[in-house]
Amino acid sequence: MNIILLGPPGAGKGTQSAGLVERHGMKQLSTGDMLRAAVKAQSPVGLRAKEVMDRGELVSDEIVSDLIDANLTAMEPETGAIFDGYPRTAAQADDLDALLAKHGRSLDCVIELEVNVDALVERITGRFSCAKCGALYHDTANPPQKEGVCDVCGSTEFKRRPDDNEETVRTRMDEYRAKTAPILPGYEKRGIVSRVDGMAGIEEVARAIDGILG
Ligand code: AP5
């Protein structure tokens with residue numbers, strides 16, 4: 001299957017993608033993760049993207065669609081893709097249709113994580129991840145089982161994202177409302193949108209998503 005997880009910053013796209021990878025052997029294609037890797041590597045794409053990301057604005061459609069194309073090229077055709085944080089604009093939605101056709105795939109489902117936007121700032125500012133394996137945590141909602149030790153790889157080093165501050169989060173929310181939410185009606189017309197209550201607990205959200213995927 002090829003699915004899109006859609007929702008504003010902090011809705012739980014990354015958290016649920018990680019669960020889908022583990023349970024269903026799908027591959028997570030997160031443009032945010034790809035861009036952060038490019039920034040870390042100080043590649044030409046990373047150098048162009050860094051300031052835009054630090055402001056909470058969207059990187060150019062061309063850059064992210066090229067990243068998705070490269071990742072689809074590297075994937076086994078039978079592995080399902082989870083698009084996490086892509087598409088984010090009408091142009092990217094068109095690009096995705098073209099890329100899926102190019103790679104012999106089709107879109108099965110768009111899952112919208114419905115959330116209370118007021119709760120998201122707290123979710124995002126409480127987020128941290130394992131510096132070694134990238135496992136995602138939250139100060140109160142999802143801390144490691146043993147304080148200071150990653151559940152997945154045992155590392156004791158953690159990090160926070162530079163764009164996870166309140167001011168940048170507000171810009172990211174505005175970008176979502178203005179540019180990303182408007183792509184939903186197009187998918188609704190195609191009859192492929194399902195909605196999940198993203199305010200439920202992490203495991204409950206995962207069960208609801210599994211119920212949709214069947
Ligand atoms: P990106 O990395 O995609 O960030 P985002 O969309 O803002 O989404 P987040 O990663 O913040 O949230 P999430 O929904 O994954 O939530 P998570 O699971 O982590 O993009 C970053 C930047 O890159 C953009 O601002 C832009 O500049 C650029 N970019 C990326 N893609 C682009 C594109 N296509 N086009 C242009 N620019 C692009 O959860 C958040 C926290 O909540 C965690 O701590 C988690 O533990 C906790 N949590 C999760 N679920 C629950 C739950 N059910 N209950 C309680 N807590 C929960």
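Residues numbered from 1 in each chain as written. Predicted model: local features only at pLDDT ≥ 70, side-chain atom pairs only at ≥ 80, totals over all residues. Heavy atoms only, no water.

**A look at the packing of aromatic side chains**
Phase 1 of the analysis: On inspection of all chains with the given rule, the structure shows four aromatic pairs.
Phase 2 of the analysis: When the centroid spacing of 5.7 Å and the interplanar angle of 25° are considered together, the rings of Phe 128 and Tyr 137 count as stacked.
Phase 3 of the analysis: Aromatic pair Tyr 137 and Phe 158: ring centres 5.9 Å apart, planes at 75°, arrangement edge-to-face. Placement of Tyr 137 in strand 6 (residues 136-138) and of Phe 158 in strand 7 (residues 158-159) is noted, with a sequence separation of 21 residues between them.
Phase 4 of the analysis: Three or more aromatic residues joined by ring pairs form one cluster here, namely Phe 128, Tyr 137 and Phe 158. (Phe/Tyr/Trp six-rings, centres within 6.5 Å; stacked < 30°, edge-to-face > 60°. Helix = DSSP H or I, 4+ residues; strand = E, 2+ residues; numbered from the N terminus.)

**Digging into helix 1 (residues 13-24)**
Phase 1 of the analysis: Along its 12 residues, helix 1 runs 16 Å from first to last C-alpha, staying within 8% of the 16 Å computed at 1.5 Å per residue.
Phase 2 of the analysis: Listed in full, the buried residues belonging to helix 1 are Lys 13, Gln 16, Ser 17, Gly 19 and Leu 20. Down the axis of helix 1, the smallest arc covering the buried residues is 165°, so these residues share one side.
Phase 3 of the analysis: Structurally, helix 1 contributes buried residues whose contacts are with strand 1 (2-6), strand 2 (27-30), strand 3 (81-84), strand 4 (109-114) and helix 9 (202-213).
Phase 4 of the analysis: Just downstream of helix 1 lies Gly 25, where phi reads positive at about 65°. (Expected span 1.5 Å × (residues − 1). Buried < 20%, exposed > 50% of the residue type's maximum accessible area, 1.4 Å probe, protein only. Arc of directions from axis to C-beta. Contact = heavy atoms within 4.5 Å.)

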